[in-house]
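Close look at the chain arrangement
Here's the letter readout for the chains.
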Amino acid sequence: MIAPSILNAPSLTLGQSLSEMKAAGIKRIHVDIMDGHFVPNLSFGPELVANMVKQFDFEIEIHLMSTALESMVPAFLDAGADLVLIHYEAGSESEVKKAIKACHDAGKKAGLVLNPATPISVVDDFPALDQVLLMSVVPGFGGQAFIEATLDKIASLHSKYPDLPIEVDGGVKDNNIRACFDHGASIAVVGSFLFKDELAKQVKKLEQQLA
Ligand code: DX5
Ligand code: ZN
């Protein structure tokens, strides 16, 4: 599955981009939430998510780049998120577990995000995950280069947990998406690549790699 990140979508015509994604068969949207503190960049709030839920029927995953788990997780769940991805680095183990539980208590899904420098062994301490997101760039900005070492992390995690959905985020494009899936990822976040040309064309280029 391809999950477009809207971080680098043209912001004043986001609705148009979302309609094009719908027409291109996209099922899930990746919403990067940056609070200017956990990462040095600022992006969207819950209102955008609520408006997306009102106008479109995408599955919405929140990539929460914030340490304010106690306030942010419920805010995005209330806004209509289906899945919240919480950084391992965002708090203590018990704080992160509490945030995951809050998602499950609300009947929603929860996933754990690992920065490039975080080893996959940390996943062992989180038994109730619906998904793991492996960062293939240092989070904060779109348009960065894919860190090749992520492929080995995907493969190791997949061999340890064959049934756990693995998503990869950062620098994914037509020349590396196939390798991500071949190593065991099942979801790829794609941001800036999608907006380099006509969206339908870009989606097709990615799908051709996976055919
Ligand atoms: C980076 C974000 C990514 C990013 C993806 O911090 O988590 O989701 O927007 O964009 P590209 O595909 O351009 O790396
Ligand atoms: Zn992201």
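Read on for an overview of the structure. From a predicted model like this one, the values you see are computed outputs, not experimental measurements.

**Regarding the layout of surface pockets**
- Each pocket or cavity is described by its volume, and for the largest pocket that value is around 320 Å³.
- Every residue lining the largest pocket is counted, 27 residues in all, and those nearest its centre are G142, G143, G170, G171 and S192.
- Of all the elements in the fold, those that place two or more residues in the lining of the largest pocket are β2 (28-34), β3 (59-65) and β8 (187-190).
- Grouping the amino acids of the lining of the largest pocket by side-chain chemistry returns 12 nonpolar, 11 polar and 4 charged.

**Some details on the packing of helix α2 (residues 46-55) against helix α3 (residues 69-79)**
- As a packed pair, α2 and α3 sit with axes 8 Å apart at the nearest point and diverge in direction by 20°. As judged from the angle between their axes, α2 and α3 are roughly parallel. The element α2 and its partner α3 pack so that their crossing is right-handed. Where α2 abuts α3, its residues P46, V49, A50 and V53 lie against A75, F76 and A79.
- Along the lines of polarity and charge, the residues of the contact of α2 with α3 split into 7 nonpolar, no polar and no charged.

**Section: the site of ligand 1**
- Residues in close proximity to ligand 1 total 20 residues, the closest being G140, G143, D169, G171 and S192.
- Between an oxygen atom of ligand 1 and a side-chain N or O atom of H63, the distance comes to 3.1 Å.
- Contacts to ligand 1 include G143, whose backbone N or O atom sits 2.7 Å from an oxygen atom.
- Contact with the protein chains hides 99% of the accessible area of ligand 1, taken as 380 Å² for the molecule alone.
- In this structure, ligand 1 is accommodated by the largest pocket.
- Those elements giving two or more residues to the shell around ligand 1 turn out to be β2, β3 and β8.
- Looking at which element gives the most residues to the shell around ligand 1, the answer is β2, with 3 residues.
- Of the residues belonging to the shell around ligand 1, the class tally is 8 nonpolar, 10 polar and 2 charged.

**A few points about the coordination of the zinc ion (ligand 2)**
- Only H30 (NE2), D32 (OD), H63 (ND1) and D169 (OD) from the protein reach the zinc ion (ligand 2) as donors, at distances of 2.0 to 2.2 Å.
- Here the zinc ion (ligand 2) binds 6 donor atoms, and the angle range of 71 to 171° at the metal identifies the geometry as octahedral.

**Focus: the sheet that holds strand β7 (residues 166-169)**
- Pairing within the open sheet is parallel, and its 8 strands lie in the order β1-β8-β7-β6-β5-β4-β3-β2. On the outer flanks of this sheet lie β1 (2-4) and β2, each paired with one strand and no other. Within this sheet the neighbouring strands show an average axis-to-axis angle of 25°, counted without direction.
- Taken together, the 4 bridges between strand β5 (residues 109-114) and strand β6 (residues 131-135) define a ladder with parallel strand orientation. Bridged to G111 within β6 is Q131.

**A look at the packing of aromatic side chains**
- For the structure on display, the rule yields 2 aromatic pairs.
- Aromatic side chains F56 and F58 sit 5.6 Å apart centroid to centroid with 25° between the ring planes, which places their arrangement in the stacked category. Of the two residues examined, F56 and F58, each falls in the buried class.
- Ring centres of Y88 and F126 lie 6.2 Å apart, and the angle between their planes is 85°; this geometry places the pair in the edge-to-face category.

**Things to note about the pattern of salt bridges**
- Taken as a whole and assessed by the stated rule, the structure comprises 9 salt bridges.
- The salt bridge partner of D124 is K160, with a shortest N-O separation of 2.9 Å. Note that D124 is positioned in the loop between β5 and β6 and K160 in helix α5 (residues 150-160), a separation of 36 residues in sequence.
- Judged by relative accessible area, D124 falls into the partly exposed class, the value being 38%.
- When its relative accessible area of 41% is taken as the criterion, K160 is described as partly exposed.
- What you see here is one network of salt bridges that share partners, running through R28, E59 and E61.

About the cut-offs
Residues numbered from 1 in each chain as written. Chains lettered and ligands numbered in written order. Predicted model: local features only at pLDDT ≥ 70, side-chain atom pairs only at ≥ 80, totals over all residues. Heavy atoms only, no water. 1 Å grid on protein atoms, 1.4 Å probe; cavity = no way out; pocket = protein on both sides within 12 Å on 5 of 7 lines; lining within 4 Å. Points joined across faces, edges and corners; volume = space filled by probe spheres on them. Helix = DSSP H or I, 4+ residues; strand = E, 2+ residues; numbered from the N terminus. Nonpolar A, V, L, I, M, F, W, Y, C, P; charged D, E, K, R; others polar. Axes fitted to C-alpha atoms, helices over the stretch in contact; angles between N-to-C directions. Parallel < 35°, antiparallel > 145°, perpendicular 65-115°, else oblique. Left-handed = near helix turned anticlockwise from the far one by under 90°. Contact = heavy atoms within 4.5 Å. Near = heavy atom within 4 Å. Polar contact = N/O pair within 3.5 Å; in protein donor to acceptor, adjacent residues only side chain to side chain. Areas by Shrake-Rupley, 256 points an atom, 1.4 Å probe, with all protein chains shown as cover. Sits in = over half its atoms within 2 Å of the grid points. Donors = N, O, S within 2.8 Å, 3.2 Å for Na, K, Ca; no water. Tetrahedral: all angles 85-135°; square planar, octahedral: opposite > 155°, others 65-115°. Pairing = 2+ DSSP bridges. Phe/Tyr/Trp six-rings, centres within 6.5 Å; stacked < 30°, edge-to-face > 60°. Buried < 20%, exposed > 50% of the residue type's maximum accessible area, 1.4 Å probe, protein only. Salt bridge = Lys/Arg side-chain N within 4 Å of Asp/Glu carboxyl O.

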